[in-house]
Amino acid sequence: MSAPLDLQAIFIPNDGEFFRVKLALEIAIDEVVNEPGCLRYELTEATEERFVLTERWASQEDLDKHAKGTALQDLNESLSALLAEPATFKQV
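What exactly am I supposed to notice about the nonpolar core here?
Across soluble globular proteins, nonpolar side chains have a tendency to be buried as a group. Membership of the largest hydrophobic core comes to 23 residues, with the highest contact counts inside it found for Phe11, Val21, Leu25, Tyr41, Trp57, Leu75 and Leu79. It is helix 1 (residues 18-32) that contributes the most residues to this core, 7 residues altogether. Apart from the residues lying within four places of it in its own chain, the contact partners of tyrosine 41 are Ala28, Ile29, Val32, Val33, Leu53, Thr54, Glu55, Trp57, His66, Leu72 and Leu75.

Please clarify how the environment of phenylalanine 18 should be interpreted in this entry.
Relative to the helices and strands, phenylalanine 18 is located in helix 1. As for phenylalanine 18 and glutamate 49, which are separated by 31 residues in sequence, their C-alpha atoms are 8.2 Å apart. With residues near it in sequence (within four places) discarded, phenylalanine 18 still touches Pro13, Ala46, Thr47, Glu48 and Phe51.

Looking at this structure, I do not really get the packing of aromatic side chains. What am I missing?
Each aromatic ring pair is summarised here by two numbers: the centre-to-centre distance and the angle between the ring planes. The tally for this structure, following the rule as stated, stands at 3 aromatic pairs. Between phenylalanine 18 and phenylalanine 51 the ring centres are 5.1 Å apart and the planes differ by 20 degrees, which places this aromatic pair in the stacked class. Separated by 33 residues along the polypeptide, phenylalanine 18 in helix 1 and phenylalanine 51 in strand 3 (residues 51-57) bring together distant segments of the chain. Look at phenylalanine 18 and you get buried, because its relative accessible area is 11%. Geometrically, the ring pair formed by tyrosine 41 and tryptophan 57 is edge-to-face, given 6.2 Å between the ring centres and 70 degrees between the ring planes. A residue pair is termed long-range when its members are at least 10 positions apart, and tyrosine 41 in strand 2 (residues 38-46) and tryptophan 57 in strand 3 qualify at 16 residues.

Cut-offs and rules
Residues numbered from 1 in each chain as written. Predicted model: local features only at pLDDT ≥ 70, side-chain atom pairs only at ≥ 80, totals over all residues. Heavy atoms only, no water. Core = buried A, V, L, I, M, F, W, Y, C linked by side-chain atoms within 4.5 Å. Buried < 20%, exposed > 50% of the residue type's maximum accessible area, 1.4 Å probe, protein only. Helix = DSSP H or I, 4+ residues; strand = E, 2+ residues; numbered from the N terminus. Contact = heavy atoms within 4.5 Å. Phe/Tyr/Trp six-rings, centres within 6.5 Å; stacked < 30°, edge-to-face > 60°.

Next comes the structure, spelled out in structure tokens:
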């Protein structure tokens, strides 16, 4: 089994879309925290300029399943018109 993976996802909302982006992220968090292998999935920064979502997955396999799951697809669809640029992800 692989080691746990720590990630940060960064979201830059369009002007005036702070609350809609925050709501979309909160809905996704409620769903994702119950996915197998999810050890952490929470907003660690929320400002008018950006949101930082901190994630920890038990394994690469769990992260891969999450990436193909409906919760993430729904989030991406919800955010498609609300972000100034595509979300960025980095391993930490």
